[in-house]
Amino acid sequence: AQIKPEIINELSDKKWQIRGEALQKVSGIFNEAKYVTPNLGDLPGALKARLGDSNKNLVMTTLNIITSLVKAMGPGSTKHVKPLVPAVISTLGDSKPQVRATAITCLNSWFDEIGLVPLIESEVISGALATENPNMRAEMFGWLEEKIPTQKKVPVEVNLIIPILYSCLESRSADVRKKAQGALPAFINLVGWDTMVKLTGKLKPASKSTVIGVLEKNRPQATSKSASNVAVQKSSSQTKAPEKPKASERTQEKSSAPKKSDDGSKKSKTAVASAASKTSAAKASSGKASDSEEDGPILVPNPNGRDSRIKAEKELKVLKWNFTTPLDEHIDQLKEQMSGCVSKAMLENMFNKDFKYHVIALAALTK
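Residues numbered from 1 in each chain as written. Predicted model: local features only at pLDDT ≥ 70, side-chain atom pairs only at ≥ 80, totals over all residues. Heavy atoms only, no water.

K.L.:
An account of the overall build of the protein is needed here, citing residue identities and associated values.
P.N.:
On a plain count of helices and strands, the protein comes out with 20 helices and zero strands. Residue pairs in contact within the protein that sit at least 24 positions apart in sequence constitute 67% of those at least 6 positions apart. If you sum the accessible surface of the protein, you get close to 22,800 Å²; carbon and sulfur atoms cover 54% of it. (Helix = DSSP H or I, 4+ residues; strand = E, 2+ residues; numbered from the N terminus. Contact = heavy atoms within 4.5 Å. Areas by Shrake-Rupley, 256 points an atom, 1.4 Å probe, with all protein chains shown as cover.)

K.L.:
Can you lay out the environment of Ser-90 for me, pointing to particular residues and giving the numbers?
P.N.:
Within the element layout of this structure, Ser-90 appears in helix H5 (residues 81-90). With 41 residues separating them along the chain, Ser-90 and Thr-131 place their C-alpha atoms 8.8 Å apart. Polar contacts involving the side chain of Ser-90 include one to the main-chain carbonyl oxygen of Ala-87, which spans 2.5 Å. (Polar contact = N/O pair within 3.5 Å; in protein donor to acceptor, adjacent residues only side chain to side chain.)

K.L.:
Describe in detail the environment of Asn-159, supporting the description with residues and values.
P.N.:
Structurally, the position occupied by Asn-159 is in the loop between helix H9 (134-147) and helix H10 (162-168). The exposure class of Asn-159 is partly exposed, given its relative accessible area of 22%. Separated by 37 residues in sequence, Asn-159 and Met-196 place their C-alpha atoms 8.7 Å apart. Ignoring anything within four residues of it in the chain, the contact list for Asn-159 reads Val-191, Thr-195 and Leu-199. (Buried < 20%, exposed > 50% of the residue type's maximum accessible area, 1.4 Å probe, protein only.)

K.L.:
Hey, could you go over helix H6 (residues 97-114) for me, with residue numbers and the actual values?
P.N.:
Given a rise of 1.5 Å per residue, 18 residues ought to cover 26 Å, and the 26 Å separating the end C-alpha atoms of H6 matches this to within 8%. Among all positions in H6, only Val-99, Arg-100, Thr-102, Ala-103, Ile-104, Cys-106, Leu-107, Ser-109, Trp-110, Phe-111 and Ile-114 are buried. Buried-residue contacts for H6 involve helix H4 (56-73), H5, helix H7 (117-121) and H9. Immediately downstream of H6, the backbone of Gly-115 shows phi near 80°, a positive value. (Expected span 1.5 Å × (residues − 1).)

K.L.:
Give a detailed account of the nonpolar core, specifying residues and quantitative values.
P.N.:
Soluble globular proteins tend to pack their nonpolar side chains together in the buried interior. Membership of the largest hydrophobic core comes to 76 residues, with the highest contact counts inside it found for Trp-110, Ile-125, Met-140, Trp-143, Leu-144 and Phe-187. In terms of domain composition, this core takes at least three residues from each of domain 1 (1-114) and domain 2 (116-220). Ignoring anything within four residues of it in the chain, the contact list for Phe-187 reads Leu-144, Ile-148, Val-158, Ile-161, Ile-162, Leu-165, Gly-192 and Met-196. (Core = buried A, V, L, I, M, F, W, Y, C linked by side-chain atoms within 4.5 Å. Domains from an automatic or database assignment.)

K.L.:
Account for the confidence of the model for the protein, naming residues and giving values.
P.N.:
With 76% of its residues at a pLDDT of at least 70, the protein reaches an overall mean of 79. The low-confidence segment residues 224-294, where pLDDT is below 50, has eight contacts with residues more than four positions distant or belonging to other chains. (pLDDT = per-residue confidence, 0-100.)

K.L.:
Go over the side chain of Asp-94 with me, naming the residues and quoting the values.
P.N.:
Inspection of the secondary structure puts Asp-94 in the loop between H5 and H6. For Asp-94, a relative accessible area of 11% puts it in the buried group. Ignoring any residue separated from it by four or fewer positions in sequence, one finds Asp-94 in contact with Lys-56, Val-99, Arg-100 and Asn-135.

K.L.:
Please give an account of a nonpolar patch on the surface that cites residues and values.
P.N.:
Together, Leu-299, Leu-362 and Leu-365 make up a nonpolar patch on the protein surface, roughly 300 Å² of accessible area in all. When its relative accessible area of 56% is taken as the criterion, Leu-299 is described as exposed. (Patch = residues over 30% accessible without salt bridge, like charges linked within 9 Å, V, L, I, M, F, W, Y side chains within 5 Å. Salt bridge = Lys/Arg side-chain N within 4 Å of Asp/Glu carboxyl O.)

K.L.:
Give me the pattern of salt bridges: which residues, what numbers.
P.N.:
By the definition in use, this model includes seven salt bridges. A salt bridge links Arg-100 to Glu-139, with the nearest nitrogen and oxygen atoms 3.0 Å apart. Here Glu-139 lies in helix H9 and Arg-100 lies in helix H6, a separation of 39 residues in the sequence. The exposure class assigned to Glu-139 is partly exposed, which follows from its relative accessible area of 25%. Across the pair Lys-147 and Glu-146 runs a salt bridge, and its minimum N-O distance is 3.3 Å. The class for Lys-147 is buried, based on a relative accessible area of 8%. By sharing partners, the salt bridges in this structure join Arg-19, Arg-50 and Asp-53 into a single network.

K.L.:
Any chance you could break down the packing of H5 against H6 for me, citing the residues and the numbers?
P.N.:
Running from amino to carboxyl end, H5 crosses H6 at an angle of 145°, the nearest separation of the two axes being 9 Å. Along this stretch, H5 crosses H6, giving a crossing that reads as left-handed. Residues Val-81, Leu-84, Val-85, Val-88 and Ile-89 of H5 touch H6, and the partners they reach there are Ala-103, Cys-106, Leu-107, Trp-110 and Ile-114. When its residues are assigned to classes, the contact of H5 with H6 shows 10 nonpolar, no polar and no charged. (Axes fitted to C-alpha atoms, helices over the stretch in contact; angles between N-to-C directions. Left-handed = near helix turned anticlockwise from the far one by under 90°. Nonpolar A, V, L, I, M, F, W, Y, C, P; charged D, E, K, R; others polar.)

K.L.:
Go over the packing of aromatic side chains, please, and point to the residues and values.
P.N.:
What the rule picks out here adds up to one aromatic pair. Centroid distance Phe-111 to Trp-143: 6.1 Å. Interplanar angle 85°. Geometry classified as edge-to-face. One end of the pair, Phe-111, is in helix H6; the other, Trp-143, is in helix H9, and 32 residues separate them in sequence. The exposure class of Phe-111 is buried, given its relative accessible area of 14%. For Trp-143, a relative accessible area of 2% corresponds to the buried category. Positioned above the aromatic ring of Trp-193 is the side chain of Arg-219, whose terminal nitrogen or guanidinium carbon lies 4.2 Å from the ring centre. (Phe/Tyr/Trp six-rings, centres within 6.5 Å; stacked < 30°, edge-to-face > 60°. Lys NZ or Arg CZ within 6 Å of the ring centre and 35° of its normal.)

K.L.:
Before we move on, can you summarise the environment of Gln-337 with the specific residues and values?
P.N.:
Among the secondary structure elements, Gln-337 is positioned in helix H18 (residues 328-338). Exposure remark for Gln-337: the relative accessible area of 32% places this residue in the partly exposed category. Spatially, the C-alpha atoms of Gln-337 and Ser-308 are 9.6 Å apart, while their sequence positions differ by 29 residues.

Set out below in structure tokens:
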């Protein structure tokens, strides 16, 4: 209530001296306050604007005020993550080391009070890293390298950061490359080797080869648990894929086989014919089965589906359904969630790449 509209107006004054005085007033008010509520009115917007001030001293003053506010509000500062944190991260792109150091201190205050989960879940980190600023990216990945190992579990939105991490491994900036490589083992340990490799799937072939090479170099730094999981998968895949006999061996087998008599050849022809008839009959029966499957109910009751989804959301195992443009991960997630609610034929029509099948699905649903 003490932050009057006059002070808010002064924070956006054309003269930097008046803006500076307004910041000092705000700082004084909060230093004297015994208790600060998260309801800050128009102040967050005014402070956000000052983080982009042309006067770097005012930027640092604003960062210090935000640091004090976060500490005073504690967990209540979560309310102001989206309005303020992206602007705080943007100051990491400043050319002055003093500004960047003050911004890191401010980020640390957010981490100390609310942890890393809200910063990842709200996509403010991935959104900020999308800006191609070498200073900011280097500082952020250096910060994440320090903070991520302290986390036992993070939301799936962390997967939005990893493609940016991969692009930074090929950055023209040596500092960005160094910081990205430094953060890589922490990400491998956090999300697992399989996920890291899977997320290289959308890279261009040349980039994928480079990134996989860097991943392999950092693989020994991953935890023994991750390494053992990969080892098990490798051994199982080797068991499932036995080696095919060499061409020379097949030739020897053919040459050593005795010639069949005419009676034998006739019998073999008869056997082939009967096998073919059985195969055609099997195909016909399977065709009937698939037809009957398509004729079955479109919607399948799934009484536990909602509870399972809510549980997965609470455990941060699924992406939040909040986006401007859906990612491939959102579509895959939706398909997986709907697999237990609709028939197989309906699911294939709904998620087919050809829109004609979408029309068929809609027509079936509107019957």
